[in-house]
Amino acid sequence: MSNHGPVLEVRGLAKSIRSGSRVVEILRGIDISISPGTFAVIQGPSGSGKSTLLGLLAGLDKPTEGEVLLDGKPLTALPEDEMALLRGRKIGFVFQAYQLVPTLTALENVMLPLDLTGHADRESRERAIGLLGEVGLADRTEHYPVQLSGGEQQRVALARAFVTNPPIVLADEPTGNLDSRNGAMVLEVLLKLNRERGTTLVMVTHDDQIASKAARRIALIDGRIVSDVAARSPAAAAPAWS
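Structural notes, computed from the coordinates.

### As for the sheet that holds strand β10 (residues 224-230)
- A sheet is described by the order of its strands in space; here six strands give the open sequence β6-β7-β8-β3-β9-β10, paired in mixed fashion. Either end of the sheet is taken by a strand with one partner, and the two such strands are β6 (91-94) and β10. Neighbour-to-neighbour, the strand axes of the sheet open up by a mean angle of 15°, direction not taken into account.
- Across four bridges, the pairing between strand β3 (residues 39-43) and strand β9 (residues 216-221) is parallel. Looking at the pairing, Q43 lines up with A219 of β9.
- Relative to the sheet, helix α2 (residues 80-90) contacts β6 and β7 (168-172), its axis offset from that of β6 by approximately 75°.

This is how it looks when you write it as structure tokens:
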């Protein structure tokens, strides 16, 4: 990715859906520009369009109007197969509900994006094992999701999101299903990887404590940006699980 200009840019983004005889506007007139390495949070009440916006940034959905640019290239204009390939290489995604494959071990789950892009080899296996070690799960590589706690499953999901070394990771309420201890653990892993790898991190969250650690806070209400302010850089802290 280029070090000059935004790594992720949104111009005039709008999303609406038809519900019976009426059109429901979910997002309207969204303009965002995010620099490389930034930790940004998207906040807002339920129904404000946060998760929809994150899905559009990931290319998981197409806008009704406007465009999403990834390193200056229009993501939304690409054919689906090219978009999927670009997404697989350059965007990691962390879901609130982990989304691990139950029949795969922790290591196999982390390696899945590499398998899908045809890059699973000995070196990538070692990278996956290394990432599981970074998130505190070196002794859980052969465990299946059912054998892991919620916090451990989300850390496997984090390792999976970072295994392709994507320049951007998008996270949708990654601590939402966790208790406070495990939530803090997962957050510290994300911040550590953001700092050490220079990965751009965009996270949807309801948690003001998490948002206070971000360099950028974007607030949505009724599908519009009502606030977009620079906060402070995440404070360096040792991971709670170390």
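### Here's the deal with unusual backbone geometry
- Residues other than glycine seldom take positive phi values, yet N165 does so here, at roughly 55°.
- Looking at where N165 falls in the secondary structure, it is placed in the loop between α5 (150-162) and β7.
- You can call N165 partly exposed: its relative accessible area is 45%.

### Structural notes on helix α3 (residues 106-116)
- The complete set of buried residues in α3 reads A106, L107, N109, V110, M111, P113 and L114.
- Where α3 is buried, its residues touch α4 (122-134) and α5.

### So, the side chain of T38
- By the secondary structure assignment, T38 is in the loop between β2 (22-34) and β3.
- Side-chain polar atoms of T38 contact the backbone oxygen of S35, separated by 2.8 Å.
- Setting aside residues no more than four positions away along its own chain, T38 makes contact with N194, T199, T200, L201, A215 and R216.

### Concerning the packing of aromatic side chains
- Considering all chains together, one arrives at one aromatic pair under this definition.
- The interplanar angle of 35° and the centroid separation of 4.6 Å between the aromatic rings of F93 and F95 together place this pair among those described as tilted.
- With relative accessibility at 15%, the residue F93 sits in the buried group.
- With relative accessibility at 31%, the residue F95 sits in the partly exposed group.

### Quick look at the pattern of salt bridges
- Under the defined criterion, the tally for this structure stands at 12 salt bridges.
- For E134, the salt bridge identified is with R197, shortest N-O distance 3.0 Å. Remark: R197 occurs in helix α6 (residues 180-197) and E134 occurs in helix α4; sequence separation between them is 63 residues.
- Overall, E134 belongs to the partly exposed group, its relative accessible area being 25%.
- Looking at R197, the relative accessible area reads 33%, which means it is partly exposed.
- Note that E152 and R140 form a salt bridge whose closest N and O atoms lie 3.2 Å from each other. Residue E152 is found in helix α5, and its partner R140 is found in the loop between α4 and α5; the two are separated by 12 residues along the sequence.
- Residue R140 is classed as partly exposed on the basis of its relative accessible area of 24%.

What counts as what
Residues numbered from 1 in each chain as written. Predicted model: local features only at pLDDT ≥ 70, side-chain atom pairs only at ≥ 80, totals over all residues. Heavy atoms only, no water. Pairing = 2+ DSSP bridges. Helix = DSSP H or I, 4+ residues; strand = E, 2+ residues; numbered from the N terminus. Axes fitted to C-alpha atoms, helices over the stretch in contact; angles between N-to-C directions. Contact = heavy atoms within 4.5 Å. Buried < 20%, exposed > 50% of the residue type's maximum accessible area, 1.4 Å probe, protein only. Polar contact = N/O pair within 3.5 Å; in protein donor to acceptor, adjacent residues only side chain to side chain. Phe/Tyr/Trp six-rings, centres within 6.5 Å; stacked < 30°, edge-to-face > 60°. Salt bridge = Lys/Arg side-chain N within 4 Å of Asp/Glu carboxyl O.

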